Amino acid sequence: MIVRYGLRLVALTYLALLLIIPVGMIVAHTFSGGLAPVWTALTDPDAIKALGLTLKIAIIVVPLNTLFGITMALVMVRREFRGKALLSALIDLPFAVSPVIVGFTLILVYGMNGWFGEFFINQGYPIIFSTPGMVLATMFASLPFVCREVIPVLREIGTEQEQAAATLGARAHQTFRRITLPAIRWGIVYGVVLTTARAIGEYGAVAVVSGNVIGQTQTLTLRVSQEYQNFDHIAAYTAALELAVIALVTLFLMNLFHPRKDH
Amino acid sequence: MAITVRNVNKRFGDFVALDDVSLDVPAGSLTALLGPSGSGKSTLLRVIAGLEKADQGDVFIGGAEATKLPPQRRDIGFVFQHYAAFKHMTVAKNVAFGLEIRKRRKDEVKRRVAELLDLVQLDGFGDRYPSQLSGGQRQRMALARALAVEPEVLLLDEPFGALDAKVRSELRAWLRRLHDEMHVTTVFVTHDQEEAMEVSDTIVLMDHGRIVQEGRPQDLYDHPETEFVMRFMGQVNRIGDVYVRPHDVEIRLEPNGTTEAAVVERVLHMGHHIRVDLTVNGGDPVSAQLTRDEAERLGLEPGRPVFVRPAKARTFAGEPEAEAVS
């Protein structure tokens, strides 16, 4: 009895200190001056632009990295080839490298003096200090999540169900859609949640490549930092709260895919 | 439909899984691929199904070349040892899978699924998920799923291997009855010689990637061509150079010209028969099987000196010649 409640107390205290109290403080501080300043902060044209940019980046990055992650997971689990260990390490690279360094390498390659920089600028599509660079930085930072979540699930389900589907006449694409995809669905859902969280929350890499031009290349995350440094705390807290709400909505949407209890 | 396998070879790295295997399975028969683990029996079944590609050799199903056909186009049903149930689908959806892939009409699918669930005694279980079924029920569901598309050939890979003894023996009898009703050409893999003898018309015994003997169950039991076959098909004693089954050991109280001296070590009551463990010529352990009447008549008890002779025995001229040459 004591052990059971003791463990709960430890877990709850831990969560409270790390999560519940800080997030609660954000909510409290956001509304500390009533609703009017929050509304002003929300409807500020620059804030709306930042929200739009954050969503835009997430909407481009999350599907691309999901597709990439599922494909890579299939390759890693179902194919044998030389250099597999190296590829596995490469996929994990974004976890190992500091995001700020990622930003700098992007500038080295695509920046004004970089390898391809001039080419893209001449075409009228600058990469650095522009949306494409921020998308690239975010893609890199959130690359491994779907792959790493799906790989163990694929390993666990094995290939027998797929072989059974083949003997029953299903072609490769039918087997994938009807058997493999539903079986790895929950892994994909976790991967998408993590990718989304990282995509809307990425700071370091995006800060380096964006130039943080207010109203143009400023995401919500960058705005939190900017407004905080400008002592406009209500604006900073409001932006932070927006990020939290996006995260919660993602979690809620993904929970709609929750597998049935009887599994 | 008949199955023909011609000179099939298959390696996994350095391991030779199938070594020049040829086999004819007549249409409508029930054949057991029997052998110890690593003998190549499962690989042979998977080559027939198209789930493994042979390195060399050909497979014909119903007289048509199938060597290069993918499993989808071989018109087979396959049952896996661990059921391979589609976990996210209900039992009815599992059974309907092959029919839905073939785009059959909805009412036809529904009717056929109901028929099959009835056949495998799972009527009323259609809305459950595989995780809510017992092992035996899951395997019956897998069988219904394989039979739904009316395959020409039914292939089963250790279908009862993961089930407990009682369910296993029920399903064996049930598979035999099912085959007698449907007459679909059936090949099943097993490592259990009793299972092979109980269910099949023909046993194909494999060892080290080769077929060592094939024939009716009683032929393999009574006329084994090698020591391996004799040992694999049932218990066996070796007295000097001769091999004798426990039920062919004759025990006498008086010597005659052909008997050897023995001492009773243990007398075990096995239910319908008595097992007597003896030591022959002061060394070789021999196990004999007697009826209760015989044992009572002889009054056997531990320590008692007796005389034994093999009523029926086999000798094997050393190792097979092919091996001696190579």
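Use the structure listed above.
Described below are features of the structure shown in this document. (Residues numbered from 1 in each chain as written. Chains lettered and ligands numbered in written order. Predicted model: local features only at pLDDT ≥ 70, side-chain atom pairs only at ≥ 80, totals over all residues. Heavy atoms only, no water.)

1. Regarding the sheet that holds strand β5 (residues 64-65) of chain B
Residue and element names in this part refer to chain B.
Here's step 1: One open sheet accounts for 4 strands, arranged β2-β1-β4-β5; its pairing is antiparallel. Unpaired on one side and paired on the other, β2 (15-25) and β5 mark the two borders of the sheet.
Here's step 2: Of the pairings in the sheet, the one linking strand β1 (residues 3-12) to β2 comprises 7 bridges and is antiparallel in character. Bridge pairing in β2 links V8 to V21. (Pairing = 2+ DSSP bridges. Helix = DSSP H or I, 4+ residues; strand = E, 2+ residues; numbered from the N terminus.)

2. Quick look at the pattern of salt bridges
Here's step 1: Within this structure, the stated rule accounts for 31 salt bridges over all chains.
Here's step 2: Overlapping salt bridges bring together B:R111, B:R112, B:E115 and B:E150 as one network. (Salt bridge = Lys/Arg side-chain N within 4 Å of Asp/Glu carboxyl O.)

3. Notes on the packing of helix α3 (residues 45-78) of chain A against helix α10 (residues 172-201) of chain A
Residue and element names in this part refer to chain A.
Here's step 1: As a packed pair, α3 and α10 sit with axes 9 Å apart at the nearest point and diverge in direction by 140°. Comparing their axes, α10 and α3 come out oblique. In this structure, α3 meets α10 at a crossing whose hand is right-handed. Residue-level inspection shows T54, A58, V61, V62, N65, T66, I70 and L74 of α3 in contact with α10, the latter providing F176, I184, I188, V192, T195, T196, A199 and I200.
Here's step 2: When the residues that make up the contact of α3 with α10 are grouped by side-chain class, the tally is 11 nonpolar, 5 polar and no charged. (Axes fitted to C-alpha atoms, helices over the stretch in contact; angles between N-to-C directions. Parallel < 35°, antiparallel > 145°, perpendicular 65-115°, else oblique. Left-handed = near helix turned anticlockwise from the far one by under 90°. Contact = heavy atoms within 4.5 Å. Nonpolar A, V, L, I, M, F, W, Y, C, P; charged D, E, K, R; others polar.)

4. What about the packing of aromatic side chains?
Here's step 1: Evaluation of the coordinates by the stated rule reveals 9 aromatic pairs over all chains.
Here's step 2: Measuring from ring centre to ring centre gives 6.1 Å for A:Y110 and A:F120, while their planes differ by 55°; the resulting arrangement is tilted. Taken together, the residues A:Y110 in helix α5 (residues 99-110) and A:F120 in helix α6 (residues 117-122) connect sequence positions 10 residues apart.
Here's step 3: A residue is classified by how much of its surface remains accessible, and A:F120, at 25% relative accessible area, is partly exposed.
Here's step 4: Among the aromatic residues, those joined into a ring-pair cluster are A:Y110, A:F116, A:F119 and A:F120.
Here's step 5: Just above the ring of A:Y5 sits the side chain of A:R4; from NZ or CZ to the centre is 5.8 Å.
Here's step 6: Its end group placed over the ring of B:F86, B:R145 keeps NZ or CZ at 4.3 Å from the ring centre. (Phe/Tyr/Trp six-rings, centres within 6.5 Å; stacked < 30°, edge-to-face > 60°. Buried < 20%, exposed > 50% of the residue type's maximum accessible area, 1.4 Å probe, protein only. Lys NZ or Arg CZ within 6 Å of the ring centre and 35° of its normal.)

5. Some remarks on unusual backbone geometry
Residues and elements named next belong to chain B.
Here's step 1: The phi angle at K103 is positive, at roughly 55°, despite the residue not being glycine.
Here's step 2: Looking at the element boundaries, K103 is found in the loop between α2 (91-101) and α3 (106-119).
Here's step 3: Of the residues examined, K103 reaches a relative accessible area of 67% and is grouped as exposed.
Here's step 4: For H183, which is not glycine, the phi torsion reads 55° and is therefore positive.
Here's step 5: Tracing the sequence through the fold places H183 in the loop between α5 (165-182) and β8 (185-190).

6. A closer look at the sheet that holds strand β16 (residues 284-290) of chain B
All names here are of chain B.
Here's step 1: In spatial order, the strands read β13-β17-β14-β15-β16; together these 5 strands make up an open sheet with antiparallel pairing. Bordering the open sheet on either side are β13 (249-252) and β16, each of which pairs with just one other strand. Looking at each pair of strands side by side, their axes are set apart by 45° on average, direction ignored.
Here's step 2: Both β13 and strand β17 (residues 305-310) contribute to a ladder of 4 bridges, which runs antiparallel. For R252, the partnering residue across the bridge sits in β17 and is F307.

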